[in-house]
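# Structural overview
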6 protein chains.
Amino acid sequence: MLLHMSTWAEIEQFLERSRTIVIPIGSNEQHGPIGLLGTDWMCPQIIAHQAQESADILIAPTFNIGMAQHHLGFAGTITLRPSTFIAAIEDWTRSLVTHGFEKIFFLNGHGGNIASIEAAFSQLYAHASFARQPAGFALKLSNWWDLEGVGALANRQFPTGHGIHATPSEIAVTQWAYPESIKSAAYTPQIANSGPIREAHDFRSRFPDGRMGSDPGQASVEKGGELVKLAAESLVRELEAFSRESAPLGPVSASTNNC
Amino acid sequence: MLLHMSTWAEIEQFLERSRTIVIPIGSNEQHGPIGLLGTDWMCPQIIAHQAQESADILIAPTFNIGMAQHHLGFAGTITLRPSTFIAAIEDWTRSLVTHGFEKIFFLNGHGGNIASIEAAFSQLYAHASFARQPAGFALKLSNWWDLEGVGALANRQFPTGHGIHATPSEIAVTQWAYPESIKSAAYTPQIANSGPIREAHDFRSRFPDGRMGSDPGQASVEKGGELVKLAAESLVRELEAFSRESAPLGPVSASTNNC
Amino acid sequence: MLLHMSTWAEIEQFLERSRTIVIPIGSNEQHGPIGLLGTDWMCPQIIAHQAQESADILIAPTFNIGMAQHHLGFAGTITLRPSTFIAAIEDWTRSLVTHGFEKIFFLNGHGGNIASIEAAFSQLYAHASFARQPAGFALKLSNWWDLEGVGALANRQFPTGHGIHATPSEIAVTQWAYPESIKSAAYTPQIANSGPIREAHDFRSRFPDGRMGSDPGQASVEKGGELVKLAAESLVRELEAFSRESAPLGPVSASTNNC
Amino acid sequence: MLLHMSTWAEIEQFLERSRTIVIPIGSNEQHGPIGLLGTDWMCPQIIAHQAQESADILIAPTFNIGMAQHHLGFAGTITLRPSTFIAAIEDWTRSLVTHGFEKIFFLNGHGGNIASIEAAFSQLYAHASFARQPAGFALKLSNWWDLEGVGALANRQFPTGHGIHATPSEIAVTQWAYPESIKSAAYTPQIANSGPIREAHDFRSRFPDGRMGSDPGQASVEKGGELVKLAAESLVRELEAFSRESAPLGPVSASTNNC
Amino acid sequence: MLLHMSTWAEIEQFLERSRTIVIPIGSNEQHGPIGLLGTDWMCPQIIAHQAQESADILIAPTFNIGMAQHHLGFAGTITLRPSTFIAAIEDWTRSLVTHGFEKIFFLNGHGGNIASIEAAFSQLYAHASFARQPAGFALKLSNWWDLEGVGALANRQFPTGHGIHATPSEIAVTQWAYPESIKSAAYTPQIANSGPIREAHDFRSRFPDGRMGSDPGQASVEKGGELVKLAAESLVRELEAFSRESAPLGPVSASTNNC
Amino acid sequence: MLLHMSTWAEIEQFLERSRTIVIPIGSNEQHGPIGLLGTDWMCPQIIAHQAQESADILIAPTFNIGMAQHHLGFAGTITLRPSTFIAAIEDWTRSLVTHGFEKIFFLNGHGGNIASIEAAFSQLYAHASFARQPAGFALKLSNWWDLEGVGALANRQFPTGHGIHATPSEIAVTQWAYPESIKSAAYTPQIANSGPIREAHDFRSRFPDGRMGSDPGQASVEKGGELVKLAAESLVRELEAFSRESAPLGPVSASTNNC
């Protein structure tokens, strides 16, 4: 069920059977010689829209502009500053909470968004924490490539040259959804080099065609379809688990971290 | 040409022949018993996407969440605060200006956005004005219903019961684009009442089903198609005029105003 | 009754008979060859102060700096950024609401303020809307030239050359109030040209003496007196209607808008 | 010379002979049983306007709403938050600097403003300091009661019961300027008590009629006239010294401070 | 008792016997030829840590970066903007209030912080004042050199050449605490000159070695020890008085001010 | 070399041989039954101060309050909101850049800070990216437990019960530095449970004594000493590599990410 294709009365009815909603969130930024500028927001949108074809889940409109300052050296990139991004996530969340949504699931399509989404979660939770009251809602971030099984599939599909930006996996997803918009190019080198991410001027000098460690030429409609199908199924399962979760529950992955 | 379906190199080439870009902008908010929650951002998106089918113009991704605090009493509405909205328009604009865009055209689908879009323009221009330097870019706001001829057509199509929210004209546009999502309802009264717009609690008590002065039942796919066709043509002409405009030029409509 | 010429105890007494207050709001900006820099905040102040001479209404201090970034190319202009302006209106309003005022009426003297005042209203209402509670107050914006009958009178007084900035009507109002400060100048052309409003550099090149479409030479003390008298009477009536209004009431002007 | 009673061309001419401007700044807040709510912004306005009667100095419009959160328990008080106040001073200053003003003198009428005005100065200067460049302007704050000789005169006029809020000196100044608005009251006790300043609820319980340590009954038109005359003369001298000052000059009063 | 050297359970126990906490606050900025960059935050830290050796008081971590934009012309200076500084004090305070602290005492080591600390207090109190509710906490600022007897002692120790920045008193305090870090230098002139404080470029040209009116060569470990001992004792007494204070109580020093 | 124990002239000299600086950054928050509230800012401080004993590196004052809203349910926790935290990192960085620092290394002690530090980096870089100019500086975040070899050592020291909050490794580091402040407690269960991190109310109900997955009882002074020694050595090497790095250089770890 797509929120924007529904009436308010239909959403009111949905809220009687579920308090969970998915927000596809990404970025609009260069994706190398053949990647579409919308890749990072279209991927989670494609997967989420696919998932709701066969499950009673609700998908919000797509949050389509994210953290892309490092790509501004390439035409067509649009970015928010983190301060704006955080404020916008606050407003989206507070709007949905007003209606009674309690589990808000951000399906993310851009690695560069992760930090600022988590910062936004802290900003939202801090209101409750300062007020010594329960927030009444839970926020969850999942990257589509971290949905169960998806990373393993991508590793099998692209054992070399996956890279971390303008990857064949994300490009395959858009090729499956928009086969009429498939582009092609020659690559030099075939697999792009890697390096740190800083500001736009530095980025373009390190990564002259926009790729980071990737060989997008390996993408195909068929591989994209496999990824979308698997990701959509995993998304539905992850949503079910998130919906079922009550307050002080649920194991989290262990790591040698210091929170 | 859709920016998000293009590569950065394609946008770089576009910039050699034009410095103008269109941003469809709207709101995600209740639209009465049959109107879709996405109506206000889908209408300018539908018109802009239609226009680029037959003209060499560039359409940015859609700015889909706007000024809808007064609709928060109805499920599914998502709003930004004006402060967030203004910051986001600043960031979108500064991103595009970085690439060399000089004429940024906001095609708006929500009356409630007008004030805050204009406030954002002032915020952006103020940087240049304080620095005693030309801004190097021009911003323009047009509501799709104010494109040449569109208001007159809507008046002919809906001589009574057009109203100002959940109007038959905007619903017709979405019906034309998404005929599979047409909804129906009975209306009491047939034409909704009117009144001032304040906060959400006040709004819902004044307008119990979400309509303001409108009879959405008059909408039809055919009327929607007429509106889209005319609006798309007018948009292309308005963009041509805006693109041609050099700095100290261009008459503005006279009124008994005090600027 | 002028708030700033009263004691707190007198305001406390006023609140027992009325919950309505008027804030004159304008801008301090160039007004062409003979217009005073204070024109836009002095006009609503003059009218509001005149109105309280013969009616039991309460006038707040004047909000005298507004949205004037486009006039910064002319000496003496002072502007706020929209973000500051909105924050200030929030603070004024919240202060007055603290005391029990429920109807806050902004009598505006500057067209360029309209958008940001309305954005401020949304910012204020959004707090209530997010909290799912009534705001407990209503905000209203009226431009003095839109008070009942005033536009028609100005059209009769100045059938040509009224224009939209440094207009003979606003200059006449200040001439009536401050006849000792009347200035004179020669105009070339007699009626200034028009054009879009952007940043200060662009503005000054389009409008070299600061006027927009106006011939201020038509202003006179007598015409100013007529305008003030009529506006003051209309203001009192409009305040009475606003004060009487209870929550879900009151028709609003219809238009082919989409809110 | 009053900026708001001048044209932009007159200010342009003034800038050829001086780069100094005075901003009267105060607060709109309760001033006890007989003090006017506008006392704190009217006092510096009265003195500055008086000073320009006989000296070629330029007075900006009055910044009339200041730091008065602690007085919100008394009707009619209007306050800004410090964050808004600082942003507004930034905008006023940047506007004036755009025109070429280099010495901006804030004549303050409210002790509670001092901290936030100085914070605003730091905020403004920090832009230059981070950019490793001269700011190109100097800011100065003087309280009217600290102008040369004024404190001594007030001490002679009111050897006891001057206090620190709703003082006979500030009330006398407004009585001299607006003799038609003189109020009277009985005081219990004759001299109000003192205490710390915190939030509004605490303030009202400590200071039930709004006075702090003062006996306003000692104010008179004659004493007010003496204060205004002396303050206006001292203001002109202080402005001359400030105007003459070049960059690395000027002794500052020594104290056992640690800056 | 040092908060950061305690467990949460120990703080919970402390809160059963006291609701008062001390925050040492200062600045990290140049202090002339021999002064340490940390002088201004180390002084209140040294004194507060000394005081808790023999009294049951609680010391928070040190707020170590303050208002130092004017010192940015000298390497090693780190500053916050006032807007950041105020927001940080808000967050520290709200965190402590969440736990039940009611008396928050800022022991300040930098004159340049005073204004922005007081602005932060207003920002914090304003929330309560707008809400017409008691804040539930009280904030107090004391500079260590204003603690009872300390100024008099410094005057006896340094009858000339104390000055206001890089003073022998503050340097002596750090020399007592860190005798291994004592530096020496020759001074020309022996006592530095004075002048106004503006931005960094202006500051460095006025004060080429960073001192203001001071002769730091007079500092000694012994004098530092005397200052620390006295200040620590006075701090404990001042905290006792502050802790005992109930809401509408406590005289404040009288002055010819206008609050 | 400790910045705060140096004079400005010593820092000026340091800048002639290096443009790199380390900022220890952490959080002040509950760390379970025996962990000190300052653990997260003291750990990177301890390691950085140790490292500069034997290497010519420069350590800034410690950024001691971080992202700890989820710990506010435990007394003594102090947090910033992400918006404040980001603004503060901006100011620290801009201050240091003003002096000529080009490589700013944040040695982090709190997992909860990672997201907001990276958001701050984006905020800082965005200024350069919007301006189409090189930033002139590079920012790097390293958690002390991710320094080369440190995670492996901690795994050997604590094969079970390390957990992610109030871990034996971080507690061991503080025990080594402050053996006089070692606390003890009984644990039930011996190894704390795990779960998601949300707001403070939820956190305390999930983690009643504040630990997450850890058994702090395994900490010892000896293990702490091993960790500090190894981390300090690795820090020096990582700083050398960062200092040597020129702009478009340096491989980054590959992962199946989508940036």
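Residues numbered from 1 in each chain as written. Chains lettered and ligands numbered in written order. Predicted model: local features only at pLDDT ≥ 70, side-chain atom pairs only at ≥ 80, totals over all residues. Heavy atoms only, no water.

Under an unreviewed UniProt entry, the name given to chain A is Amidase, and the organism recorded is Pseudomonas simiae. Per its UniProt entry, chain A bears the Cofactor (unreviewed entry) comment "Zn(2+)". According to its UniProt record, chain A has this under Sequence similarities (unreviewed entry): "Belongs to the creatininase superfamily." (UniProt positions renumbered as here; feature names shortened; annotations may be inferred.)

Our focus in this paragraph is the overall build of chain A. When you go through chain A residue by residue, the secondary structure sums to eight helices and three strands. From first element to last, N terminus to C terminus, chain A shows the α and β order α-β-α-α-β-α-β-α-α-α-α. Compactness check: chain A gives a C-alpha radius of gyration of 19 Å against a globular reference of 18 Å for 259 residues, within 12% of the reference. Projected onto its principal axes, the C-alpha coordinates of chain A cover approximately 55 × 40 × 40 Å. Every one of the 259 residues in chain A was classed for burial, and the buried ones make up 69%. The long-range share in chain A, meaning contacts at least 24 apart out of those at least 6 apart in sequence, stands at 75%. Total accessible area computed for chain A in this model is approximately 8200 Å², and 51% of it derives from carbon and sulfur atoms. Within chain A, one finds 17 positive and 25 negative side-chain charges whose respective centroids are separated by 4 Å. (Helix = DSSP H or I, 4+ residues; strand = E, 2+ residues; numbered from the N terminus. Rg over C-alpha atoms; globule rule 2.2 N^0.38 Å. Buried < 20%, exposed > 50% of the residue type's maximum accessible area, 1.4 Å probe, protein only. Contact = heavy atoms within 4.5 Å. Areas by Shrake-Rupley, 256 points an atom, 1.4 Å probe, with all protein chains shown as cover. Lys, Arg positive; Asp, Glu negative; His and termini not counted. Charge placed at Lys NZ, Arg CZ, Asp CG, Glu CD.)

Taking C-alpha atoms only, the smallest gap left between chain A and chain D, which are not in contact, amounts to 17 Å. Chain C makes no contact with chain F; the smallest distance between any of their C-alpha atoms is 17 Å.

Least-squares fitting of chain A to chain F yields an RMSD of 0.0 Å, with the transformation described by 0.0 Å of translation along the axis and a rotation of 180°. Those values place the two copies in the arrangement expected of a two-fold rotation axis. Within chain A, Ala115(A) has its C-alpha nearest the rotation axis, a separation of 2.0 Å. Here 100% of the contact residues of chain A are again contact residues in chain F; the copies associate through an equivalent surface. (Least-squares fit on C-alpha atoms with pLDDT ≥ 70 in both.)

Right, let's get into the sheet that holds strand E3 (residues 138-143) of chain E. Residues and elements named next belong to chain E. If you trace the three strands from one edge of the open sheet to the other, you get E1-E2-E3, paired in parallel fashion. In this open sheet, the two strands that pair with only one neighbour each are strand E1 (20-25) and E3. The average angle at which neighbouring strand axes cross in this sheet is 20°, direction not considered. Bridge count for E1 against strand E2 (residues 103-108) is six bridges, and the pairing is parallel. Directly across from Ile 21, in E2, lies its bridge partner Ile 104. Together, E1, E2 and E3 form the strand contacts of helix H4 (residues 114-130), whose direction differs from that of E3 by roughly 175°. (Pairing = 2+ DSSP bridges. Axes fitted to C-alpha atoms, helices over the stretch in contact; angles between N-to-C directions.)

What follows covers the interface of chain A and chain F. Of the residues lining the interface, 66 residues belong to chain A; the matching set on chain F comes to 66 residues. Summed over both partners, the interface of chain A with chain F buries about 5100 Å², with 58% contributed by carbon and sulfur atoms. Counting the contacts that link chain A with chain F gives four salt bridges. In this structure, Glu245(A) and Arg198(F) form a salt bridge, with 3.0 Å as the shortest nitrogen-oxygen distance. Across the contact surface, chain A and chain F share ten residue pairs in polar contact (both at pLDDT 80 or more). Sorting the residues of the side of chain A that touches chain F by element identifies helix H3 (82-99), helix H4 (114-130), strand E3 (138-143), helix H6 (168-177) and helix H7 (200-206) of chain A as the ones contributing at least two each. For the side of chain A that touches chain F, the leading source of residues is H4(A), giving eleven residues. (Buried area = accessible area lost by both parts, 1.4 Å probe. Salt bridge = Lys/Arg side-chain N within 4 Å of Asp/Glu carboxyl O. Polar contact = N/O pair within 3.5 Å; in protein donor to acceptor, adjacent residues only side chain to side chain.)

Across all of its chains, the model carries 66 salt bridges over all chains by this definition. Asp56(A) is the partner of Arg17(A) in a salt bridge, and the nearest nitrogen-oxygen pair spans 2.6 Å. Here Asp56(A) lies in the loop between helix H2 (39-51) and H3 and Arg17(A) lies in helix H1 (residues 8-17), a separation of 39 residues in the sequence. On the basis of relative accessible area, Asp56(A) is assigned to the partly exposed category, the value being 46%. Overlapping salt bridges bring together Arg198(A), Asp202(A), Arg206(A) and Glu245(F) as one network.

Next up on the list: the packing of aromatic side chains. As enumerated under the stated definition, the model contains 54 aromatic pairs over all chains in all. Ring centres of Phe74(B) and Phe203(B) lie 6.4 Å apart, and the angle between their planes is 90°; on these two criteria the pair is classed as edge-to-face. In this pair, Phe74(B) sits in the loop between helix H2 (39-51) and helix H3 (82-99) while Phe203(B) sits in helix H7 (residues 200-206), placing the two residues 129 residues apart along the sequence. Each member of the pair, Phe74(B) as well as Phe203(B), carries the same accessibility label: buried. Residues Trp144(C) and Trp145(C) carry aromatic rings whose centres are separated by 5.9 Å and whose planes lie at 80° to one another, so their mutual orientation is edge-to-face. For Trp144(C), a relative accessible area of 1% corresponds to the buried category. Three or more aromatic residues link up through ring pairs in this structure, and these residues are Trp8(A), Phe74(B), Phe203(B) and Phe207(B). Above the plane of the ring of Phe130(A) lies Arg94(E), whose end atom (NZ or CZ) is 4.3 Å from the centre. Over the face of the ring belonging to Phe242(F) we find Lys103(F), whose NZ or CZ atom lies 5.5 Å from the ring centre. (Phe/Tyr/Trp six-rings, centres within 6.5 Å; stacked < 30°, edge-to-face > 60°. Lys NZ or Arg CZ within 6 Å of the ring centre and 35° of its normal.)

Another point: the environment of Thr62(E). Residues and elements named next belong to chain E. For Thr 62, the position within the fold is in the loop between helix H2 (39-51) and helix H3 (82-99). The buried category is assigned to Thr 62, whose relative accessible area is 5%. When the C-alpha positions of Thr 62 and Thr 20 are compared, they lie 16 Å apart, and in sequence the two are 42 residues distant.

Moving on, we get to H2(B). Residue and element names in this part refer to chain B. With 13 residues, H2 extends 18 Å from end C-alpha to end C-alpha; this agrees with the ideal 18 Å at 1.5 Å per step. Three or more residues of H2 are buried, namely Thr 39, Asp 40, Trp 41, Met 42, Cys 43, Pro 44, Gln 45, Ile 46, Ile 47, Ala 48, His 49 and Ala 51. Residues of H2 that are buried in the fold lie against strand E1 (20-25), strand E2 (103-108), helix H6 (168-177) and helix H8 (221-244). (Expected span 1.5 Å × (residues − 1).)

Residue and element names in this part refer to chain A. Among the six residues that make up strand E2 (residues 103-108), six are buried, leaving the element largely enclosed by the rest of the structure. Because side chains alternate across E2, one face comprises the buried residues Lys 103, Phe 105 and Leu 107, and the other comprises Ile 104, Phe 106 and Asn 108, equally buried. As defined by bridge partners, E2 adjoins E3 across six bridges and the pair is classed as parallel. Of the residues in E3, the one forming a bridge with Lys 103 is Ala 138.

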